[in-house]
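Take a look at the letters that make up each chain.
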Amino acid sequence: KMSRKEAMEKLKPSIKKYFDAYDTNSDGTLSYAEVVEATKKLLGNCELTESQISKYCKTMFEGSDTNKDDKLSFDEFFQDMSKTVPEEFVKDLKKAESYLAQL
């Protein structure tokens, strides 16, 4: 059985494509606004209000922005994703890759 760390390394290229797709100004980082847009897409049609999404993003952003520069580098983003990707995706990388590809 593959460890979570190994699975995340295999998913890294797909996560990088997802990151790059939301790096709308192509500066190599995600701003808070870009994180909100990416999160809305990631959560899709779930029953969260704008306020709940903003609160989630603020918590995630503050926890992931380890150097406190108000931007997420890919490494910071990847570290957060490594902790939050659902277990079902860790067990089924094809499912994870296809999910990320459609975002």
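We now turn to the structure provided with this report. (Residues numbered from 1 in each chain as written. Predicted model: local features only at pLDDT ≥ 70, side-chain atom pairs only at ≥ 80, totals over all residues. Heavy atoms only, no water.)

Quick look at the overall build of the protein chain now. Each helix and strand counted, the protein chain has six helices and two strands in total. What you see in the protein chain, going N to C, is helices and strands ordered as α-β-α-α-β-α-α-α. Its C-alpha atoms give the protein chain a radius of gyration of 13 Å, near enough to 13 Å, the size a compact globule of 103 residues would have. Counting only C-alpha atoms and orienting by the principal axes, one finds that the protein chain spans roughly 35 × 30 × 20 Å. In the protein chain, the share of contacts with a sequence separation of at least 24, taken over all contacts with a separation of at least 6, comes to 57%. In the form shown here, the protein chain has an accessible surface area of approximately 6500 Å², with 53% of it arising from carbon and sulfur atoms. (Helix = DSSP H or I, 4+ residues; strand = E, 2+ residues; numbered from the N terminus. Rg over C-alpha atoms; globule rule 2.2 N^0.38 Å. Contact = heavy atoms within 4.5 Å. Areas by Shrake-Rupley, 256 points an atom, 1.4 Å probe, with all protein chains shown as cover.)

This part is about the packing of aromatic side chains. Within the structure shown, the criterion is met by seven aromatic pairs. Three or more aromatic residues link up through ring pairs in this structure, and these residues are Y18, F19, Y22, F74, F77 and F78. When the ring centre of F78 is taken as reference, the NZ or CZ atom of K12 above it lies at 4.6 Å. Lying across the ring of F74, K16 places its NZ or CZ 5.4 Å from the centre. (Phe/Tyr/Trp six-rings, centres within 6.5 Å; stacked < 30°, edge-to-face > 60°. Lys NZ or Arg CZ within 6 Å of the ring centre and 35° of its normal.)

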